[in-house]
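Coordinate analysis (summary)
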Amino acid sequence: MNKTYLVPVDGSDHSLRALEYALEVANDEGDKLLLVHVQPSYNTHNVRRFLSKEQIKSYQEEMADEAFQTTVPLLARHDVIVEKMMLIGIASEEICKLARREKVNGIIMGSRGLGRVKGSILGSISYSVIHTADVPVTIVP
């Protein structure tokens, strides 16, 4: 039975290393990858004062396209089924909701060193996903 792995991408070196690892896993097993990029909602009074909903949506789509574009060279070297999806909201929450909704077998994501204590080892999104996800989470350094 083929498996599906969720791979959050943001265009960073960390997320690309995670994608590279996920592609190796999927190549070996014949599995599917669900790439997800999460954009903040920007649904605040101050933002709406200066930008229309259409401008915000266009910006979010542009940022997602840029993140997905960074994955093209890696994806071109592998024959793996890949689906791409953009979500709006708080990244860690949206990643975990999508993992539940799509019944993925695992999440493969990059680490990021932000902050002083917990962030020095894992980024805040990675840290939150590890503690919230209902499926195994693989963190790629």
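Quantities reported herein were computed from a predicted structural model and do not represent experimental measurements. (Residues numbered from 1 in each chain as written. Predicted model: local features only at pLDDT ≥ 70, side-chain atom pairs only at ≥ 80, totals over all residues. Heavy atoms only, no water.)

Brief notes about the pattern of salt bridges
- By the definition in use, this model includes five salt bridges.
- As a salt-bridge pair, Arg 100 and Asp 134 come within 3.1 Å of each other at their nearest N and O atoms. You can see Arg 100 sitting in helix α5 (residues 91-101) and its partner Asp 134 sitting in the loop between α6 (124-132) and β5 (137-140), a full 34 residues away along the chain.
- When its relative accessible area of 39% is taken as the criterion, Arg 100 is described as partly exposed. (Salt bridge = Lys/Arg side-chain N within 4 Å of Asp/Glu carboxyl O. Helix = DSSP H or I, 4+ residues; strand = E, 2+ residues; numbered from the N terminus. Buried < 20%, exposed > 50% of the residue type's maximum accessible area, 1.4 Å probe, protein only.)

Notes on the pairing of strand β2 (residues 32-39)
- Across the eight residues that make up β2, a large majority, seven, are buried.
- Viewed along the sheet, the connection from strand β1 (residues 4-8) through helix α1 (residues 13-29) into β2 turns out right-handed.
- Here eight bridges tie β2 to strand β3 (residues 81-88), and the two strands are oriented parallel to one another. The partner of Val 36 across the bridge, within β3, is Met 85. (Right-handed = clockwise from strand over helix to strand, strands pointing away. Pairing = 2+ DSSP bridges.)

Points about the nonpolar core
- Residues Val 7, Leu 19, Leu 23, Leu 33, Leu 35 and Ile 108 are the most contacted members of the largest nonpolar core, which totals 19 residues.
- Of all elements in the fold, only β1, α1, β2, α3 (53-69) and α4 (72-76) reach the threshold of two or more residues within this core.
- Here this core gets seven residues from one element, more than from any other, and that element is α1.
- With residues near it in sequence (within four places) discarded, Leu 23 still touches Leu 33, Leu 74, Leu 75, His 78 and Val 80.
- Among the nonpolar cores identified, the runner-up in size contains 17 residues, and Cys 96, Ala 99, Val 104 and Val 135 belong to it. (Core = buried A, V, L, I, M, F, W, Y, C linked by side-chain atoms within 4.5 Å. Contact = heavy atoms within 4.5 Å.)

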